[in-house]
Amino acid sequence: MSRVIGIDLGTTNSCVAVVDNGQPVVIPNTGGYKTTPSMFALADDGKRLVGHLAKRQAITNARNTVYASKRLIGRRFDSPEVRRALELCPYEIVEGPNEDPRIRLGEKVFTCPEIAGIILREMKRVAQEHLGEPVREAVITVPAHFNDAQRQCTKDAGKIAGLEVLRIINEPTAAALAYGFGRKPSDETVLVYDLGGGTFDVSILEMGDGVLEVLATAGDTFLGGEDFDRRVVNHLLETFEAAEGIDLRSEPMALQRLKDAAEKAKCDLSQSLQTEVNLPFIASDANGPRHLSVVLSREKLEEIVADIVDRTMETVKLCLSDAGISQQDVDQVILVGGQTRMPLVQERVADFFGKRPHKGVNPDEVVAIGAAIQAEALLSEDQKLVLLDVTPLSLGIATYGGHFAKLIERNTTLPVRRAHVFTTTRDNQTAVKIRVLQGESDTAEENDLLGEFILSGIREARKGEPEIEVSFDIDTNGIVSVSARDLATGREQSITVNATGTLSDEEIQKIIDDNELYEIQFKE
Amino acid sequence: MRLGNGSATQQERIPHLRPGVDPAGLSLTPAEGYLLSRIDGTTPWTLLRSIGGIGPDEVDRCLERWVAEGVVTVVVSAAAPGAAAVLDSSHARSGDTDPSLDIPVEVQLRILDFEARLESPYHEILGVARDADRKILRKAYFALSRELHPDRFFRRNTGSFGKRLERIFGKIVEAYELLSDPTARAEIERSLAAAGGSTPSAETVQPAETAQPAEAAAEAAQQKPAAGPRVPRRPHVFSLHSRVLRDRKARAKRFFEAGMASHAAGRWVEAAGSVRLAIAFDPWNAIYKEHFVAVQRRAQDERAQRLLKEAESALELRDFKVALRAFDDAIQLRPHDAELLHRAAKLAWMTGGDLRQAKEWAMAAVEIDPKQGGHHRLLGQVYQAAGLEANARRELEAALALDASDEEARTALREIGGRPLGLRWLGGKR
Ligand SMILES: Nc1ncnc2c1ncn2[C@@H]1O[C@H](COP(=O)(O)OP(=O)(O)OP(=O)(O)O)[C@@H](O)[C@H]1O
Ligand SMILES: [Mg+2]
């Protein structure tokens, strides 16, 4: 049997791990790095570049370099997240036929699962090179608050990369798995605080007896290290404008340089109290070239991002209340994600819980390691570990008057199936349309539309008489499916599905074929 | 929904005894007891009707009652061998194990056994005492998760057991969550007490405190704050459940009241629908269930009646397809109405409808009422139309034997070259 890998497909960085002789290890890439930038670029000569190679040329090729595409995957083109990305990203985002955002690089338009697939393929390649054998299967992680479409798209990305996805698991859950690995079995309540590049998740778990039970999870869809960077960029822009009278906001190249410099400064300030941002020749006008040179202190940084850190603590409180525990009940706090290296984040968390976070895990690697552990556990003969995860979002349907009727509450243990009886509202009605949504708002409109289902062929009868049982399933991947049955006859009812934002099987196959073609060309 | 081409009548309905039902607990006449003892999970309904000592109508009535009471479930098995569609899979037999699967047979048996007990009280599902405390609940929940979580058999060839495990695990979670919720638990206790008679002891909810001698209790009370706010483990989730529970009960009550109103007005279908919904929202309520049994039969009658009326008006409009469909639906509700089967078969035959369907219906009519020459004649005519002359002859002859004055049968027999019974003896040329 070939090896199974665990992949942390991050917004900014991806990481791959495997269990080797019972020990989980992170696999370094050819450059010796344990993480690989989640970036993809189309070079001028048509070459495709992934990871560090893509990152290196990002400044000079900003329009054709994709980063942070995880923020777009599985979303609708008209969602606020995509609209925001449209404003900020130097690459071109266009609307696809499934109302999904797609990315145009040169002549070609890429779907988001395709981009993710290209990055996953790179991670697979890294693993294969290291292990010296082909890899076909993987467990892939996603942020805990990802909805059905985002999970489905990630699974499709695996397929595009030529991987069979054994399971999609939640990043904080994976981190807890890695934390629990090899520890003496004892009952513990663990809180995972995961602040990565593009996402923020909190999960509270109880562990003991070979079982890991997620009590609750909460997240912030659009919050991560990049928001910190953006604040720093803005600060630099304003400082420069005040000093030189030049607005750099419409200069893509300058913006890209600023973004890189801002992130670097932010990271430096996790170590030192002060740093200098130097960007010579950032602009020029009638008076000649201009250089940007700004001194940034840790204090200043903390001042401009304080509200973001406060926001994360609100999510922590929500999660605690969902789990029905107070902060004193938490035995261990685990910090995950590069942004938790920031001293301010660590202090806030320590203050809130009244104890120092756990030190033993590497925030960049722990998620991939957890994924590898789960992959191993699923396939091992003597299943010694069971994961009981929950659905992060309530599932329900739109009802009369635009309301949202929740059928499965958030934080329900998976897998779950709930059946509900529906009927007709008009005499001789033969079809019913059901809109399935995920989210917490009472107003249907404000939740994510997963798809529309049409139950057809209902026996003609007086209104209210037919009884059609519709079953909603969420599997252990967090992926939703729906089926229906006529209660009077016991027969399955036909359902037409219009899932939004995801790709059809044919589209996926076509992408796979295209990429195969490309692979062959590339190797020649 | 459009019924498929009469697939239901080509299938056999096999009554099964629901596991866990103790026949001694039912009050039965000796004849009913005898019938119950014949239900072995392989004998079809039609055959049970012909066991002696109790008439076929009485058999139907008993079986239908038991189905409604949940004593018996009916499994429809297709005429094609092997394809058994289980309507209610909550029955378990060791015959269901399959050694070719990737699950040891003893584990399969354990799964089947567990599945058969899914309707038991929640504490029995978790295998804990009725007054088990939270710690014991959690331990049991974790142990069962390790044993029966579907992931344990990930990627293995599990046949039908995959679905079973999902159902089982869902129930385990439900049991754990509801028993962990004080409000839900109190509710469960009440319904258990109502059903089983025994009242819950005072210590059910907080065993540690009331069960202790006075001094120890005082000590415990002092220690309690030290245990911290951990005691209510998931208050939010609890309140969620109890809110959901309250909500469900309120809705159940509304549906039930609507059902009663329909009942009073004699609208049985509506009444049954509403009461069914009430039960769906509040499955523990014994009164709802009782009521449901009462209205269900009359609802089916009403529905069948309505379908027949629909068929009549369709016939008047010469819309045979609609009429046939209405007949088909009505037969689903009244599978043992020979008159109805006859009419449906005749219509299908005369209007060039589905002959296989016509044959099934006519055959069922013959089977139910074999002394009626007309049923035999019709079956013969259907056979004739299908070109099955030997069968046609047999049935037409049977029709004439029962009723020598049946000219229609005589003519049909003549058409296929067979001679009417009397003539053969007289002619004697062969
Ligand atoms: N020393 C540091 N101090 C502050 N921030 C840092 C440091 N190192 C990395 N980061 C930030 O962490 C973020 C990346 O974290 P990480 O690699 O965990 O995210 P990711 O896994 O790619 O994204 P996600 O999990 O959100 O999908 C970036 O915003 C980066 O700037
Ligand atoms: Mg991450």
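Look above for the structure.
As the structure is a prediction and not an experimental result, all values here were calculated from the model.

Q: Which parts of the structure should I look at to understand the overall build of chain A?
A: Scanning chain A from terminus to terminus reveals 11 helices and 27 strands. Relative to its 524 residues, chain A shows a buried fraction of 60%. When contacts within chain A are restricted to residue pairs at least 6 apart in sequence, long-range pairs at least 24 apart make up 65% of them. Only carbon and sulfur atoms are counted for the fraction: they give 48% of the accessible area of chain A, which is about 21400 Å².

Q: Explain the pattern of salt bridges here, please?
A: Proximity of charged atoms lets side chains of opposite charge pair with each other. Residues and elements named next belong to chain A. Tallying each qualifying case throughout the model produces 60 salt bridges over all chains. In this structure, R231 engages D307 in a salt bridge whose closest nitrogen and oxygen atoms are separated by 2.8 Å. Of this pair, R231 sits in helix α6 (residues 225-244) while D307 is found in helix α8 (residues 298-323), placing the two residues 76 residues apart along the sequence. Connected via shared salt-bridge partners are R71, R84, E226, D227 and R230.

Q: Hey, could you run me through the pairing of strand β21 (residues 403-408) of chain A in this one?
A: Along a regular strand, successive side chains alternate from one face of the sheet to the other. All names here are of chain A. Two elements, strand β20 (residues 395-399) and β21, share 5 bridges in a ladder whose sense is antiparallel. Counterpart to T399 in the pairing with β21 is H403. The antiparallel pairing of β20 with β21 creates a hairpin that spans 3 residues between the two strands, and G401 there sits at a positive phi of about 85°.

Q: Where do I start with the sheet that holds strand β7 (residues 65-66) of chain A in this structure?
A: Within a sheet, neighbouring strands are paired by backbone hydrogen bonds and run either parallel or antiparallel to one another. All names here are of chain A. The antiparallel open sheet is built from 3 strands, whose spatial order is β6-β5-β7. Single-partner strands in this sheet number two, and they are β6 (48-50) and β7. Against the sheet, helix α3 (residues 112-131) contacts β5 (40-42), β6 and β7, and its axis sits at roughly 65° relative to β6.

Q: Looking at this structure, I do not really get the nonpolar core. What am I missing?
A: Looking at soluble globular proteins, one finds that nonpolar side chains tend to be buried together. Residues and elements named next belong to chain A. Judged by nonpolar contacts, the single largest core of 51 residues is most densely connected at L191, Y193, L248, V316, L320 and F353. In contact with V316, not counting residues within four places along its chain, are L191, Y193, F200, V202, F352 and F353. If you look at the next biggest cluster of nonpolar residues, it comprises 50 residues, including A41, A58, I140 and L163.

Q: What is the right way to look at the packing of α3(A) against helix α4 (residues 148-160) of chain A in this model?
A: Residues and elements named next belong to chain A. At a closest axis distance of 7 Å, the pairing of α3 and α4 adopts a crossing angle of 50°. With respect to α4, the element α3 is oriented oblique. Here α3 runs over α4; the crossing is right-handed. Residue-level contacts link P113, E114, A116, G117, L120 and R121 of α3 to C153, T154, D156, A157, G158 and I160 of α4. Class assignment of the residues belonging to the contact of α3 with α4 gives a composition of 6 nonpolar, 3 polar and 3 charged.

Q: Teacher, can you tell me more about the interface of chain A and chain B here?
A: A common way to express how large an interface is: the accessible area buried when the components associate. Each partner contributes residues to the interface: chain A has 49 residues there, and chain B has 43 residues. Taking both sides of the interface into account, the surface hidden between chain A and chain B amounts to around 4000 Å²; carbon and sulfur atoms contribute 47%. The tally of links from chain A across to chain B stands at 6 salt bridges. Residue B:R155 pairs with A:E164 through a salt bridge whose shortest N-O separation is 3.0 Å. The interface formed by chain A and chain B holds 7 residue pairs in polar contact (both at pLDDT 80 or more) in total. For the side of chain A that touches chain B, the secondary structure elements donating two or more residues are β12 (164-170), β14 (200-208), β15 (211-220), α8, α10 (366-379), β19 (386-388) and β27 (492-499) of chain A. In the side of chain A that touches chain B, the residues fall into 16 nonpolar, 14 polar and 19 charged.

Rules of the game
Residues numbered from 1 in each chain as written. Chains lettered and ligands numbered in written order. Predicted model: local features only at pLDDT ≥ 70, side-chain atom pairs only at ≥ 80, totals over all residues. Heavy atoms only, no water. Helix = DSSP H or I, 4+ residues; strand = E, 2+ residues; numbered from the N terminus. Buried < 20%, exposed > 50% of the residue type's maximum accessible area, 1.4 Å probe, protein only. Contact = heavy atoms within 4.5 Å. Areas by Shrake-Rupley, 256 points an atom, 1.4 Å probe, with all protein chains shown as cover. Salt bridge = Lys/Arg side-chain N within 4 Å of Asp/Glu carboxyl O. Pairing = 2+ DSSP bridges. Axes fitted to C-alpha atoms, helices over the stretch in contact; angles between N-to-C directions. Core = buried A, V, L, I, M, F, W, Y, C linked by side-chain atoms within 4.5 Å. Parallel < 35°, antiparallel > 145°, perpendicular 65-115°, else oblique. Left-handed = near helix turned anticlockwise from the far one by under 90°. Nonpolar A, V, L, I, M, F, W, Y, C, P; charged D, E, K, R; others polar. Buried area = accessible area lost by both parts, 1.4 Å probe. Polar contact = N/O pair within 3.5 Å; in protein donor to acceptor, adjacent residues only side chain to side chain.

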